[in-house]
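Observations on chain architecture
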Amino acid sequence: MTKLFEVIILEEVFEFLKGLDKKHSEKILYNIRKSQVELDAQLFKI
């Protein structure tokens, strides 16, 4: 799959994600990865 854009996650973001429940941080990372390869109307207002 071709990425639509590249995401650079800063150290501060990793620290924030570590403070969340594992389930929530995994969902956020999943949605970031998903948004890189497809346009999803639920993630972006199109």
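Here is a short report on the structure shown in this document. (Residues numbered from 1 in each chain as written. Predicted model: local features only at pLDDT ≥ 70, side-chain atom pairs only at ≥ 80, totals over all residues. Heavy atoms only, no water.)

Attention now goes to helix 2 (residues 22–37). Spanning 16 residues, helix 2 covers 23 Å between terminal C-alpha atoms, matching the ideal 22 Å at 1.5 Å per step. Where helix 2 is buried, its residues meet helix 1 (11–18). (Helix = DSSP H or I, 4+ residues; strand = E, 2+ residues; numbered from the N terminus. Expected span 1.5 Å × (residues − 1). Contact = heavy atoms within 4.5 Å.)

Our focus in this paragraph is the environment of Ile 9. Within the element layout of this structure, Ile 9 appears in the segment before helix 1. With residues up to four places along the chain from it excluded, the contact list for Ile 9 reads Phe 14 and Leu 29.

Moving on: the environment of Lys 34. By the secondary structure assignment, Lys 34 is in helix 2. Once residues within four sequence positions are removed from consideration, Lys 34 is found in contact with Asp 40 and Leu 43.

With that settled, the discussion passes to the environment of Phe 44. Structurally, Phe 44 can be placed in the segment after helix 2. On the basis of relative accessible area, Phe 44 is assigned to the partly exposed category, the value being 34%. Not counting chain neighbours up to four residues away, the residues in contact with Phe 44 comprise Phe 5 and Ser 35. (Buried < 20%, exposed > 50% of the residue type's maximum accessible area, 1.4 Å probe, protein only.)

All right, on to the side chain of Ser 25 then. On the secondary structure map, Ser 25 appears in helix 2. For Ser 25, a relative accessible area of 12% puts it in the buried group. A polar atom in the side chain of Ser 25 sits 3.0 Å from the backbone oxygen of Lys 22. (Polar contact = N/O pair within 3.5 Å; in protein donor to acceptor, adjacent residues only side chain to side chain.)

So yeah, pure geometry; function would need other evidence.
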